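Here is what each chain is made of, one letter per residue.
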Amino acid sequence: MSAMPSKDHAAGHEAYDVVVVGAGFAGMYMLHRLRGQGLKVRVYEQGGDVGGTWYWNRYPGARCDVESMQYSYSFSDELQQEWTWSERYAPQPEILKYANHVADRFNLRGDIQLDTRVDRAAFDEAASTWQVTTSDGNTVTAKFVVLATGCLSNARMPHIRGLSDFRGKVYHTGHWPHERIDFTGQRVGVIGTGSSAIQSVPVIAEQARHLTVFQRTANFSIPARNAELTAEEREAFRSNYPEIRRFAREEARNGIYAEMPDRGALDDGDNARRAKYEQRWDRGGLTFMLAYNNLLLDKAANDSAASFVKEKIAEIVRDPETAKRLQPDDHPIGSKRICVDTDYYATFNRPNVTLVDIKSDPIEAITPNAVRAGAKDYEIDALVLATGFDAMTGSVAKIDIVGRAGRTLNQKWAEGPKTYLGLMSEGFPNLFIITGPGSPSVLSNMIVSIEQHVDWITEAIAFMRERDLGAMEATKEAEDRWVAHVNDVAQMTLYPQANSWYMGANIPGKPRIFMPYIGGVGVYRRICNEVAAKGYEGFVMSAAERVERMAAS
Ligand code: N01
């Protein structure tokens, strides 16, 4: 592949080697790596600055649920040695500051166009290039397009009768205003009880005159035990980063360095099991689910962990009725993304907080000044929608992506996303997806998975350039096999038993398919590396007009 001219003279469009969609953690690292290869890259970002999900999710209490010493880039040792995280789980403003620091430190801003949405990407088969149209009315061409659009970036507004008639302010946790919102003296309603609500409810309760939480499905949450990081704790990570990062990439299932379980929950007697759960509960955080190695495989094992957390809820929440309502009863623990909180359950002991069960008494309407449920009006001045995202596919679906023979990605994915390795979809040459459906993605520490995908894509592009190849595409056979494998592995677990956003179950009409790959990041990385080592097995690569399957290099 020769260096691209700066103009596609035939069409008069600016021409790039690569267009990257999104300037979150994935898009920024992708840009960094591609520029390192001397490629001409343009990143389009619809937000007003870098940071992706951390740019949009500014709701009160927003912070990461993976420890910051691990939820951070590993590609630059200087960066990980010099950046100082203040808390075990950094708050959103600090993560955004980190994203901005990375953009400046690696001089990325010059190639990122902010406030610009990609509306369309169409593959020109004759020229073997993508034509990318943006919200500013511009069209550019690019040999490759990389979707770094994020998995939880498409905030979902619920369809509730009367919502537009509400006279107070309406906020969505996933699309929070930039100015500080002060709920002091207000009556606030929060709809939803997922991670975003569980983080924001305790903070809003401290400000509001009264807070009413509308819960459709109770969720399991583990205390974060957040605290300021000491210099010694930071140093323990910094001096052991090579091993910590290696373990997270190669051995952990979820990309997190943690003590791994060596036995199942039922291998221990009642007392030993309880002691282990207590120990994990006291330590706090997502790794509660690593107390035993079969919690997401065996229902009886899972029940033991679920019962433990339910007992904790009953101990914390004073009113037995409220405690009962907060105890999840319709899904195995962990089969929906487990939440991590600071004082969530205890917040329901406050006199200014009410929990309303909208499963038994569904919301009938929003009136100009209230939420009406069970024939009762709950008067509020402000409404917070913590109703989640059209996850994993939502942001991709918003772009009109047209592949070979005029087929759109939305048509192809109408019955659920189909990818090979989560990285490419047959019929859409040179279109890469970072942390897409079919990869570990949201089941992992996202930065570990982002870095793996970016490195893999960078190497695939380098492979093609070295051999003067024009297009790379997943074969239908490889894709079908991978889709079946992703599904088979999911069915071996308890995950499909929950109506979760992993399954697309939170979006009416969305196909119910377990979207992420649950085989674990270590296993998945080995598979991707083997595919590359075999000359990109399962992909076809074309040189000029000639299509040839690459032999093993
Ligand atoms: O969204 P959710 P989220 N009427 O989909 C309810 C990540 N994240 O933004 O379960 C009434 O989990 C819905 O009820 P139900 C993390 O991966 C990470 O909280 O469908 N209720 C549910 O209670 C997380 O999993 C961090 O019955 C309605 C809630 O709204 C993911 O983002 C922080 C409704 C939505 O919960 C999504 O979390 C925050 C309706 N019409 C988020 N529609 C950290 O890193 C929906 N609901 C810490």
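Above this text sits the structure in question.
Conventions we followed
Residues numbered from 1 in each chain as written. Predicted model: local features only at pLDDT ≥ 70, side-chain atom pairs only at ≥ 80, totals over all residues. Heavy atoms only, no water. Pairing = 2+ DSSP bridges. Helix = DSSP H or I, 4+ residues; strand = E, 2+ residues; numbered from the N terminus. Axes fitted to C-alpha atoms, helices over the stretch in contact; angles between N-to-C directions. 1 Å grid on protein atoms, 1.4 Å probe; cavity = no way out; pocket = protein on both sides within 12 Å on 5 of 7 lines; lining within 4 Å. Points joined across faces, edges and corners; volume = space filled by probe spheres on them. Nonpolar A, V, L, I, M, F, W, Y, C, P; charged D, E, K, R; others polar. Phe/Tyr/Trp six-rings, centres within 6.5 Å; stacked < 30°, edge-to-face > 60°. Buried < 20%, exposed > 50% of the residue type's maximum accessible area, 1.4 Å probe, protein only. Lys NZ or Arg CZ within 6 Å of the ring centre and 35° of its normal. Core = buried A, V, L, I, M, F, W, Y, C linked by side-chain atoms within 4.5 Å. Polar contact = N/O pair within 3.5 Å; in protein donor to acceptor, adjacent residues only side chain to side chain. Contact = heavy atoms within 4.5 Å.

Draft legend 1. Region of the structure containing the sheet that holds strand β14 (residues 363-367). As summarised here, the arrangement of the three strands in space is β14-β15-β16, forming an open sheet in which the pairing is antiparallel. Of all strands in the sheet, those with a lone pairing partner are β14 and β16 (376-379), marking the two edges. Across the sheet, the mean angle from the axis of one strand to that of its neighbour is 25 degrees, orientation sign disregarded.

Draft legend 2. Representation of the pairing of β16 within the structure. Relative to β16, strand β15 (residues 370-373) runs antiparallel, the two being bridged by four bridges. Residue pairing in the sheet places alanine 373 in a bridge with lysine 376 of β16. Counted along the chain from β15 to the antiparallel partner β16, the turn is two residues long, and its residue glycine 374 has a positive phi close to 55 degrees.

Draft legend 3. Quick look at the layout of surface pockets. Reported here for the second largest pocket is a volume of approximately 730 Å³. Surrounding the second largest pocket, 32 residues form its lining, Arg253, Asn254, Leu290, Leu296 and Tyr495 being those nearest its centre. Split by residue class, the lining of the second largest pocket holds 21 nonpolar, nine polar and two charged.

Draft legend 4. Representation of the sheet that holds strand β9 (residues 187-191). With respect to topology, five strands assemble into an open sheet ordered β8-β17-β9-β10-β13, the strand pairing being parallel. Strands at the two margins of the open sheet, each flanked by one partner only, are β8 (169-172) and β13 (353-357). Strand-to-strand twist of the sheet, defined as the mean angle between neighbouring strand axes without regard to direction, takes the value 20 degrees. The pairing of β8 with strand β17 (residues 382-385) spans four bridges and is parallel. Within the sheet, the bridge partner assigned to tyrosine 171 lies in β17 and is valine 384.

Draft legend 5. Quick look at the packing of aromatic side chains. Counted according to the given criterion, the structure contains 40 aromatic pairs. The interplanar angle of 35 degrees and the centroid separation of 6.1 Å between the aromatic rings of tyrosine 73 and tyrosine 98 together place this pair among those described as tilted. Placement of the pair is tyrosine 73 in the loop between α2 (53-56) and α3 (77-82) and tyrosine 98 in helix α4 (residues 92-105), with a sequence separation of 25 residues. In this structure tyrosine 73 comes out as buried when scored by relative accessible area, which is 0%. Look at tyrosine 98 and you get buried, because its relative accessible area is 2%. When the ring of tyrosine 495 is compared with that of phenylalanine 514, the centres are 5.3 Å apart and the planes differ by 55 degrees; the resulting orientation is tilted. Remark: phenylalanine 514 occurs in the loop between α14 (476-491) and α15 (521-533) and tyrosine 495 occurs in the loop between α14 and α15; sequence separation between them is 19 residues. Of the two residues, tyrosine 495 and phenylalanine 514, neither departs from the other in class, the shared state being buried. Taken together, the ring pairs in this structure connect Phe25, Tyr29, Trp54, Tyr71, Tyr73, Phe75, Trp83, Trp85, Tyr98 and Phe106 into an aromatic cluster. The lysine or arginine in question, lysine 40, covers the ring of tyrosine 16, its NZ or CZ lying 4.8 Å from the ring centre. Above the plane of the ring of phenylalanine 463 lies arginine 467, whose end atom (NZ or CZ) is 3.7 Å from the centre.

Draft legend 6. Just empty space enclosed by the protein, in detail. Across all of its chains, the model carries three cavities of 30 Å³ or more by this definition. Taken together, Ser72, Ser74, Arg245, Arg249, Ile447, Val448 and Glu451 make up the full set of residues lining the largest cavity. Looking at the lining of the largest cavity, the elements with two or more residues in it are α6 (231-250) and α13 (446-466). Looking at the lining of the largest cavity, the element that brings in the most residues is α13, giving three residues. Its residues placed into classes, the lining of the largest cavity shows two nonpolar, two polar and three charged.

Draft legend 7. Highlighting the nonpolar core. With 138 residues, the main nonpolar core has Phe25, Phe288, Phe432, Trp456, Met472 and Phe539 as its most contacted residues. The element that contributes the greatest number of residues to this core is α13, accounting for ten residues. Listed in part, the 21 residues of the second largest apolar core include Trp130, Leu147, Val396 and Ile399.

Draft legend 8. The side chain of threonine 193, seen in detail. Tracing the backbone shows threonine 193 in the loop between β9 and α5 (195-207). Residue classification places threonine 193 among the buried positions, given a relative accessible area of 6%. Of note is the side chain of threonine 193, whose polar atom sits 2.9 Å from the backbone oxygen of threonine 217. For threonine 193, the residues in contact, after removing those within four places along its chain, are Ile198, Val213, Phe214, Gln215, Thr217, Asn219 and Tyr344.

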